Amino acid sequence: MTNIVRNNGALSALLGSKTSLHTNRRWALFASYACLIVFVIFFLCPPFYMLVTSLKTNAEIANLATNPWLIEQGITTEHYTHLLTETAFLTYFKNTVIVATFVVAITMVISVLAAYALSRLSFWGSGVIATGVFLVYLVPDSLLFIPLFKIVGGLGLLNSYWVLVLVYPTLTVPFCTWIMIGYFASIPKELDEAALIDGANHMQMLLKVFIPVALPGLIAATIFAFTVSWASFLYPLAFIYSDNQMVLTVGTVTTLIKGDVFHWGGLMAGALLAAAPPVILYAFLMDYYISGLTSGATKG
Amino acid sequence: MADVSLTKLHKSFDRTEAVCGIDLEIADNEFVVLVGPSGCGKSTTLRMIAGLEEITKGDIRIGGELVNDVPPKDRDIAMVFQNYALYPHMTVFQNMSFGLRLRKYPKKEIQRRVEDAAEVLGISELLQRRPKQLSGGQRQRVAMGRAIVRNPRVFLFDEPLSNLDAKLRQQMRIEIKRVHQHLNTTTVYVTHDQVEAMTLADRVVVMNNGLIEQVGTPGELYHQPRTHFVAGFIGSPAMNFLDCKLERNSGNLEVKLGDMLTLQVPADRGSRYEPYVGRGLVFGIRPEHVHEKRAGEDAFAEVMVNFIEPLGMETMVYFTINGVELCGRVSPEADPRPGQTISLTIDIGKMHLIESETNLVL
């Protein structure tokens, strides 16, 4: 009898600790979701505001008495129609796609080769160069655009979107190289030694082993390069002034802000359309992107 | 198939010498195991044979051809790594065929070789899986398969079983032995596990501090160690060592272990030990040659048992003599208990004497 009582006591103690664990877990989840909901609402406000404003008539936008978060006087697509048919928006879009594609391609080729060399072909000064690459990235572009203006002016490239293809890699290559160095460094050394014995040369090792294994890192770097070349504002503002060479960021603003008149509907429609490609890219590649950025934290 | 020859092989990392001028001849089809403690230079030697590490001085020949400056891919060798080094993005088939594809073998030949190797290793049903879907043992088989398909002149194994649990390690040891008997390829195998070394090798190379201490068959290393280090390294539990003196007493040689214990040297060793009378020596005896006194035997010593290790078919007893803890092996029937005093005897014919100055076994 005593034994039974004692056993029951032990059982209830066990159950008690289980219940307490469950309760803790539930509270932790509740707190996490609460924080996430606040976070999501906060960051979804701007795009929601853009969407709502872009679908309002000019009259409703100008009427300060209406609720800015709701469409009260009917939906209109006039801003989108105006943007796509009466402005050079499509030209900006095309130019931006060209610039982003070239910048991403150039960045990835240089970064992958540089990162492979710096992480695997140990040579004199490779450690210093690797650190130097990252330090270069820390120099803000607001300091660089004046000397760069002189340089590209000297090269006769001012007022052409090709200047951006030349200049953006100065921002993207250092950071992407740094990401790739970290990712390549997490690949065990035995893997390249195995490939070396299997008969691979350095280029085959890079193409057939390193790039496939480091794909998440590669995608993270690609997204970064794409985002920089898609969203940069300062360089196109400084280097380009013709409509037919302009890119989305500066083009949309200069077209839809005339003096002190802001075409809010058009601006919001333009911003929304311009933001769509990066959002779509992120949505598809988010898992790889996160895995790429956190590789150093979890791999030995 | 090829022989491997190392001549005055040196390797230095900055100012640290990892391998200090070793000479070794490995015959065609031979299975040689390099064994030694961490940092003894065994892996560095293997990596130099593979071409993964540059040679500081000396020569390496494979099949008579000097390969000092030949890149790994042209040495016709295959290597199995400790952590498998499988390509994680490739299937087992792609992993095993990678080397053949790089060498542009015909597809049918690749298919045949991979399937043959997979059958030998019992991994035919795993060919379409990726490494992360395999257990440790299966991964090691794939790593071996990748080496086998190339049909190289020399196999190199760098501690391939270290990541496996004890049972799997034993299974894989048998597997490696079986594969070697099947293929008869010259094999150099590195391990720090002396059981692996003794069970797998035709010849074992014991290394210490970048030097070869002894090369011999497992039996030679066990029964006739040449140095103090080899005597202590080979065998588990390790050989017992006690400082001693060799003295002459009415025409016979005696080993004096402190003030209390004296052992008569077997007559056949008299002439060998004669020059060392009066010199500082170390007496060595393996635990299996120290056992409980049986009827008709003289007791070596009455000792108090410190603790025991019952292993089922035998029990290891630990006791202290002259302040040194020693180990003996008794039958489980003797049923020794800690604190109990027991009478032990030794097989004096199995003793070793080591010169303290040179560390050489006499």
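All of these numbers come straight from a predicted model, not from anything done at the bench.

1. Quick look at the overall build of chain A
Counting its regular elements, chain A contains 15 helices and two strands. Per-residue burial over chain A gives 38% buried out of 300 residues. Considering only contacts in chain A between residues 6 or more positions apart, those separated by 24 or more positions represent 73%. Roughly 16,600 Å² of accessible area belongs to chain A as shown, and the carbon and sulfur atoms make up 73% of that amount.

2. Some remarks on the interface of chain B and chain A
Every contact between the two is made by 22 residues of chain B and, on the other side, 16 residues of chain A. Across the chain B/chain A interface, buried area totals approximately 1,600 Å², and carbon plus sulfur atoms make up 68% of it. When the area that chain B buries against chain A is broken down by residue, the three leading residues are Tyr87, His89 and Leu102 of chain B, summing to 30%. Note that glutamate 193 of chain A is salt-bridged to arginine 47 of chain B, the shortest N-O span being 2.5 Å. Counting only elements with at least two residues in the side of chain B that touches chain A, the list comes to helix H1 (42–50), strand E6 (77–80) and helix H2 (92–102) of chain B. The residue makeup of the side of chain B that touches chain A, split by class, is 14 nonpolar, three polar and five charged.

3. A look at the pairing of strand E1 (residues 4–13) of chain B
Residues and elements named next belong to chain B. For E1 and strand E4 (residues 57–62), the ladder comprises five bridges, and the chain directions are antiparallel. Note that in E4 the partner of valine 4 across the bridge is isoleucine 62. Note: E1 against strand E2 (residues 16–26), eight bridges, orientation antiparallel. Paired with serine 12 across the two strands is glutamate 17, which belongs to E2. Between E1 and E2, which pair antiparallel in sequence order, lie two residues; one of them, aspartate 14, sits at a positive phi of approximately 50°.

4. Section: the confidence of the model for chain A
Residue and element names in this part refer to chain A. Scored by pLDDT, chain A has a mean of 84; 89% of the residues are at 70 or more. Summarising per-element confidence for chain A, the mean pLDDT is lowest in helix H15 (residues 295–298) (40) and highest in helix H4 (residues 89–120) (93). When the criterion is pLDDT under 50, residues 294–300 qualifies, and its contacts beyond four places in sequence or with other chains add up to four contacts.

Procedures and definitions
Residues numbered from 1 in each chain as written. Chains lettered and ligands numbered in written order. Predicted model: local features only at pLDDT ≥ 70, side-chain atom pairs only at ≥ 80, totals over all residues. Heavy atoms only, no water. Helix = DSSP H or I, 4+ residues; strand = E, 2+ residues; numbered from the N terminus. Buried < 20%, exposed > 50% of the residue type's maximum accessible area, 1.4 Å probe, protein only. Contact = heavy atoms within 4.5 Å. Areas by Shrake-Rupley, 256 points an atom, 1.4 Å probe, with all protein chains shown as cover. Buried area = accessible area lost by both parts, 1.4 Å probe. Salt bridge = Lys/Arg side-chain N within 4 Å of Asp/Glu carboxyl O. Nonpolar A, V, L, I, M, F, W, Y, C, P; charged D, E, K, R; others polar. Pairing = 2+ DSSP bridges. pLDDT = per-residue confidence, 0-100.

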